[in-house]
Amino acid sequence: AGREVDDAAALLLEVKKAFRTNALGSQSDLLARLQKVSRNLYSQEIQRSRAEIYRVQEIIGNAANMGANVVLPDEALNRARDALRRNDPLLALQLVGEAERLSNETRKARIKEIEDAIPLTASMITEARNVGAEIGEAERWLEKAKVAAAGREHVLAGELVKRV
């Protein structure tokens, strides 16, 4: 849209010059061209906003699949959708940015929870071993969880820790 914005800016300057010299009435094609360019740019902005909403919706979905609490990112994304329905693509893009930021924060918090659960689970297994409990299967699950976490497979690591 960079070139189109430059073209629109140049056209706007032409219209401004015609307006200041009282020549706008005789150059009605200028206004028609400006209207067409403006409509085109607005349409592109709406499409860009929609694409960003879909992109961030997928990011939020991935965070939810990981077990992260996505209430706040979902609310921000819903506000972005509402802004777009009210024909305010700028506000929609700002809210999409907020939704993405919130989603990243909740995803990171969930990853930390999963990573923190591994040593906690290891200490619980040690305690169980000390009281004579059978811990062979639990140790195998824990080792798999460690490998999954090291490989950045946090969803799998979280599921494996739960099985212990």
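A brief look at the structure comes next.

Quick notes on the rules
- Residues numbered from 1 in each chain as written.
- Predicted model: local features only at pLDDT ≥ 70, side-chain atom pairs only at ≥ 80, totals over all residues.
- Heavy atoms only, no water.
- Helix = DSSP H or I, 4+ residues; strand = E, 2+ residues; numbered from the N terminus.
- Rg over C-alpha atoms; globule rule 2.2 N^0.38 Å.
- Buried < 20%, exposed > 50% of the residue type's maximum accessible area, 1.4 Å probe, protein only.
- Contact = heavy atoms within 4.5 Å.
- Areas by Shrake-Rupley, 256 points an atom, 1.4 Å probe, with all protein chains shown as cover.
- Lys, Arg positive; Asp, Glu negative; His and termini not counted.
- Charge placed at Lys NZ, Arg CZ, Asp CG, Glu CD.
- Core = buried A, V, L, I, M, F, W, Y, C linked by side-chain atoms within 4.5 Å.
- Arc of directions from axis to C-beta.

Turning next to the overall build of the protein chain. Across its full length, the protein chain holds six helices and zero strands. Scaling as 2.2 N^0.38, a compact globule of 164 residues should have a C-alpha radius of gyration of about 15 Å, whereas the protein chain reaches 27 Å, well beyond that. Each principal axis of the C-alpha atoms in the protein chain carries an extent, and together these give about 95 × 25 × 20 Å. Among the 164 residues that make up the protein chain, the fraction classed as buried is 30%. Here the analysis covers contacts within the protein chain between residues at least 6 apart in sequence; of these, 57% occur between residues at least 24 apart. Summed over all atoms, the accessible surface of the protein chain reaches about 10700 Å², with 53% contributed by carbon and sulfur. Within the protein chain, the 25 negative side-chain charges are centred at a point lying 5 Å from the centre of the 26 positive side-chain charges.

Membership of the largest hydrophobic core comes to 17 residues, with the highest contact counts inside it found for Ile53, Val56, Ile60, Leu77, Val96 and Ala99. Those elements that provide at least two residues to this core are helix 2 (28–65), helix 3 (71–85) and helix 4 (89–130). Not counting chain neighbours up to four residues away, the residues in contact with valine 96 comprise Glu52, Ile53, Val56, Leu77 and Ala80. If you look at the next biggest cluster of nonpolar residues, it comprises 15 residues, including Met66, Ile111, Ile118 and Trp141.

A few words now on helix 6 (residues 154–163). The complete set of buried residues in helix 6 reads His154, Ala157, Gly158, Leu160 and Val161. Projected onto a plane normal to the axis of helix 6, the buried residues spread over an arc of 165 degrees and lie on a single side. Away from the buried face of helix 6 by more than 90 degrees, exposed residues Lys162 and Arg163 are located. Residues of helix 6 that are buried sit in contact with helix 4 and helix 5 (136–150).

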